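Structural overview
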Amino acid sequence: MTVHFIGAGPGAADLITVRGLRLIERCPVCLFAGSLVPQEVVKAAPEGARVIDTAPLTLDEIIAEIEAAHGRSEDVARVHSGDPSLYGAIAEQIRRLDALGIPFDITPGVPAFAAAAAALKLELTVPEICQTVILTRTAMKSSSMPAGEELSTLGRSGATLAIHLSVRNIPHIQRELTPLPAYGEDCPAIIAYRVGWEDEAFIHSTLSELQRAAREAKLTRTALIFVGRALGAKDFIDSKLYDASHVHVLRPKRKA
């Protein structure tokens, strides 16, 4: 018996990995985060499978379902949205499984920031403008941010910021980032709403106008915020990757 943590991707049912889908198709128990995992994905569970939405459950109740499946020697598909390694709350589940001696594995999924960048037709790392992407969030009702991970600290890097779980905390984002030289009031910002779903939406703004844009769109949840100069970059050099003068082992110097 194995618990399979599976990343279902950000919303579109066809963005789940082949491996993840095959696991769901054969597991007699499927526990899924119903608020963010599309029904089409869990419909792939075999006929007669025990399929449970864990959104209203506590951690103890989720582990109890897994323990019961373990007692029946039934594999469990534990399906999370996006990629489970990022804000998936799997660490606390893994700790419980380790204590109980229940085996598990993890199948990665497409994270929302990658799906959003693809839908926006953007590269988040642009030569000589930004070569770093920081995935982070802000603290509201969830657990607090550790010291040193404040936006004002992370923002000193000038990286493209992918800020999760924070659409109701935009004034804080503006206060933290606007004074920083790498960002400022005119810095490009994008709100990516329900990425991968039929009603997905992308709102292009600037850092100074971000709160107004979110308020006008009436967004209160399920949104990812990008901030960074790479988002609006037009005048930048070509990378060295395909430069004719750039020699490497797969493209040695050519004879004249």
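The structure reproduced in this document is the subject of the present report. (Residues numbered from 1 in each chain as written. Predicted model: local features only at pLDDT ≥ 70, side-chain atom pairs only at ≥ 80, totals over all residues. Heavy atoms only, no water.)

1. Brief notes about the packing of aromatic side chains
Put simply, the rule is: By convention, a stacked pair of Phe, Tyr or Trp rings (six-membered ring in the case of Trp) has centres within 6.5 Å and planes under 30 degrees apart, an edge-to-face pair has planes over 60 apart, and any other such pair is tilted. Over a ring means this: the NZ of a Lys or the CZ of an Arg is within 6 Å of the ring centre and within 35 degrees of the ring normal.
Applying the stated criterion across every chain, the model contains 1 aromatic pair. Here the basic side chain of arginine 194 rests over the ring of tryptophan 197, its NZ or CZ set 4.5 Å away from the ring centre.

2. Here's the deal with the pattern of salt bridges
What counts is decided by this rule: Between Lys or Arg on one side and Asp or Glu on the other, a salt bridge is scored when a side-chain nitrogen of the former is within 4 Å of a carboxyl oxygen of the latter. Only protein chains enter the area calculation, which uses a 1.4 Å probe; residues under 20% of their type maximum are buried, those over 50% are exposed, and those in between are partly exposed.
Per the counting criterion, the structure on display carries 9 salt bridges. Between aspartate 199 and arginine 194 there is a salt bridge, with its nearest N and O atoms 2.8 Å apart. Residue classification places arginine 194 among the buried positions, given a relative accessible area of 18%. Overlapping salt bridges, with partners in common, bring together Glu209, Arg212 and Glu216 in one network.

3. Some words on the pairing of strand β10 (residues 223–227)
The condition that has to hold: In this text, helices come from DSSP runs of H or I with a minimum length of four residues, and strands from runs of E with a minimum of two, each type numbered from the N-terminal end. Here the rule is simple: two strands pair whenever DSSP picks up at least two bridges between them.
Taken across its 5 residues, β10 has 5 buried, putting it largely inside the fold. Alternating positions in β10 separate into two faces, Ala223, Ile225 and Val227 on one and Leu224 and Phe226 on the other, with burial throughout. As defined by bridge partners, strand β7 (residues 160–164) adjoins β10 across 3 bridges and the pair is classed as antiparallel. Among the inter-strand pairings, alanine 162 is bridged to a residue of β10, identified as phenylalanine 226. The sheet contact formed by strand β8 (residues 188–193) and β10 spans 5 bridges and is antiparallel. By the bridge assignment for β10, alanine 189 is matched with valine 227.

4. Examining the environment of aspartate 83
This is how it is decided: Any two residues having at least one pair of non-hydrogen atoms within 4.5 Å are treated as being in contact. Between N or O atoms, a polar contact is any pair within 3.5 Å; within protein, one atom must be a potential hydrogen donor and the other a potential acceptor, and residues adjacent in sequence are included only when both atoms are from side chains.
Here aspartate 83 lies in the loop between β4 (76–80) and α4 (90–100). Under the relative-accessibility criterion, aspartate 83 is labelled buried at 12%. The sequence separation of aspartate 83 and alanine 230 amounts to 147 residues, and the corresponding C-alpha distance is 24 Å. When neighbours within four sequence positions are excluded, aspartate 83 is seen to be in contact with Pro108, Gly109, Val110 and Pro111. Of the polar contacts made by the side chain of aspartate 83, one reaches the side chain of serine 85; its length is 2.3 Å.

5. Some words on the sheet that holds strand β2 (residues 29–32)
Strands pair in a sheet through their backbones, by hydrogen bonds, and they do so in one of two ways: parallel or antiparallel. What counts, and what does not: Only the stretch in contact is used when fitting a helix axis, every axis being a line fitted to C-alpha atoms; angles between N-to-C directions are given from 0 to 180 degrees.
Sheet architecture is open: 5 strands sit in the order β3-β2-β4-β1-β5, paired in parallel fashion. With one partner strand each, in any of the chains shown, β3 (50–53) and β5 (104–107) form the two edges of the open sheet. If you compare each strand with its neighbour and ignore which way they point, the axes differ by 15° on average. In this sheet, β4 lies alongside strand β1 (residues 3–7) in parallel orientation, the contact comprising 5 bridges.

6. Thoughts on helix α8 (residues 210–217)
Our working rule: Comment: arc refers to directions from the helix axis out to C-beta atoms.
Taken together, the buried positions of α8 are occupied by Leu210, Ala213 and Ala214. Within α8, the buried residues cover an arc of 95° as seen down the axis, which keeps them to one side. Exposed positions of α8 whose direction lies more than 90 degrees from the buried face are Arg215 and Glu216. Where α8 is buried, its residues meet α7 (170–177), β8, β9 (201–206) and β10. Following α8 by one or two positions, lysine 218 adopts a phi angle in the positive range, close to 60°.

7. Regarding the state of the cysteines
Here is the rule we go by: Disulfide: a pair of cysteine sulfur atoms within 2.5 Å of each other.
In the structure shown here, the tally under the stated rule is 0 disulfides. Here cysteine 27 is not cross-linked by a disulfide; its sulfur's nearest cysteine counterpart is in cysteine 30, at 7.8 Å.

8. Notes on the side chain of threonine 136
Here threonine 136 lies in strand β6 (residues 133–137). Once you skip the residues sitting within four places of it in the chain, threonine 136 turns out to touch Tyr87, Met145, Glu149, Leu151, Leu154, Ala162, Ile163 and His164.

9. Focus: the packing of α7 against α8
Rule in force here: Angular relationships are summarised with four words: roughly parallel below 35 degrees, roughly antiparallel beyond 145, roughly perpendicular across 65 to 115, and oblique for the angles in between. By convention, the crossing between two helices is left-handed when the near helix turns anticlockwise from the far helix through less than a right angle, and right-handed when the turn is clockwise. In this classification, Asp, Glu, Lys and Arg are treated as charged, Ala, Val, Leu, Ile, Met, Phe, Trp, Tyr, Cys and Pro as nonpolar, and every other residue, Gly included, as polar.
Where α7 contacts α8, the axes come no closer than 9 Å and their chain directions differ by 165°. Considering their axes alone, α7 and α8 lie roughly antiparallel with respect to each other. Relative to α8, α7 is oriented so that their crossing is right-handed. In this structure, α7 contributes Ile170, Pro171 and Gln174 to the contact, and α8 contributes Leu210, Gln211 and Ala214. Each residue belonging to the contact of α7 with α8 can be placed in one class, and the counts come to 4 nonpolar, 2 polar and no charged.

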